[in-house]
Amino acid sequence: QVRLVESGGDLVQAGGSLRLSCATSGPILSINAMGWYRQAPGKQRELVAGISSGGTVNYADYVKGRFTISRDNAKNTVSLQMNSLKPEDTAVYYCTARVRTWSLTTSDYWGQGTQVTVSS
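From a predicted model like this one, the values you see are computed outputs, not experimental measurements.

Undergrad: Even after reading the chapter, I still don't get unusual backbone geometry, so can you show me in this structure?
TA: If a residue is not glycine, its phi is most likely negative; likewise, a peptide bond is most likely trans. The phi angle at Asn76 is positive, at roughly 55 degrees, despite the residue not being glycine. The topology assignment puts Asn76 in the loop between strand E7 (67–72) and strand E8 (77–82). If you check the backbone angles, Ser84 has positive phi at about 50 degrees while not being a glycine. Following the sequence through the fold, Ser84 ends up in the loop between E8 and strand E9 (91–101). The exposure class assigned to Ser84 is partly exposed, which follows from its relative accessible area of 41%.

Structure (structure tokens):
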């Protein structure tokens, strides 16, 4: 089965940086869009950044200029470089990917999440 595994979450001071990574595995034929979402306690999950297979990116307004999403199509991985972190960036960050499997089905898959905590 397809699996997504995030890494890189940590406790960091405000103004600091973190880099999140997401590795994929399983019967993957191709991956269309990939992205990062986050969910803070008591809040709904929200889009942070997305990237298409062709490299087109989009960002939530609150991370523009601070976060950068990138992907390695050869390795089927996606990363999120987070700079100038703020306490309000504290959340569980989830990786997602729209995967076409070898059985020719297409579905959205999610990782288990990685905790990012920004102290003031």
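On we go.
Undergrad: Which parts of the structure should I look at to understand the packing of aromatic side chains?
TA: Aromatic ring pairs are reported here in terms of the distance separating the ring centres and the angle at which the planes meet. This model, assessed by the stated rule, comprises 1 aromatic pair. Between the NZ or CZ atom of Arg45 and the centre of the ring of Tyr94, over which it lies, the distance is 3.7 Å. Note that Arg45 overlies the ring of Trp110, its terminal NZ or CZ placed 4.9 Å from the centroid.

Undergrad: Looking at this structure, I do not really get the environment of Thr117. What am I missing?
TA: Along the chain, Thr117 falls in strand E11 (residues 114–119). When the C-alpha atoms of Thr117 and Leu29 are compared, they prove to be 35 Å apart, with 88 residues separating the residues in sequence. Beyond its immediate stretch of four places on either side in the chain, Thr117 contacts Asp10, Leu11, Val12 and Thr90. Reaching out from Thr117, the side chain makes a polar contact with the side chain of Gln115 at a distance of 3.3 Å.

Criteria and cut-off values
- Residues numbered from 1 in each chain as written.
- Predicted model: local features only at pLDDT ≥ 70, side-chain atom pairs only at ≥ 80, totals over all residues.
- Heavy atoms only, no water.
- Helix = DSSP H or I, 4+ residues; strand = E, 2+ residues; numbered from the N terminus.
- Buried < 20%, exposed > 50% of the residue type's maximum accessible area, 1.4 Å probe, protein only.
- Phe/Tyr/Trp six-rings, centres within 6.5 Å; stacked < 30°, edge-to-face > 60°.
- Lys NZ or Arg CZ within 6 Å of the ring centre and 35° of its normal.
- Contact = heavy atoms within 4.5 Å.
- Polar contact = N/O pair within 3.5 Å; in protein donor to acceptor, adjacent residues only side chain to side chain.

None of the figures reported here should be taken as evidence of function without further support.
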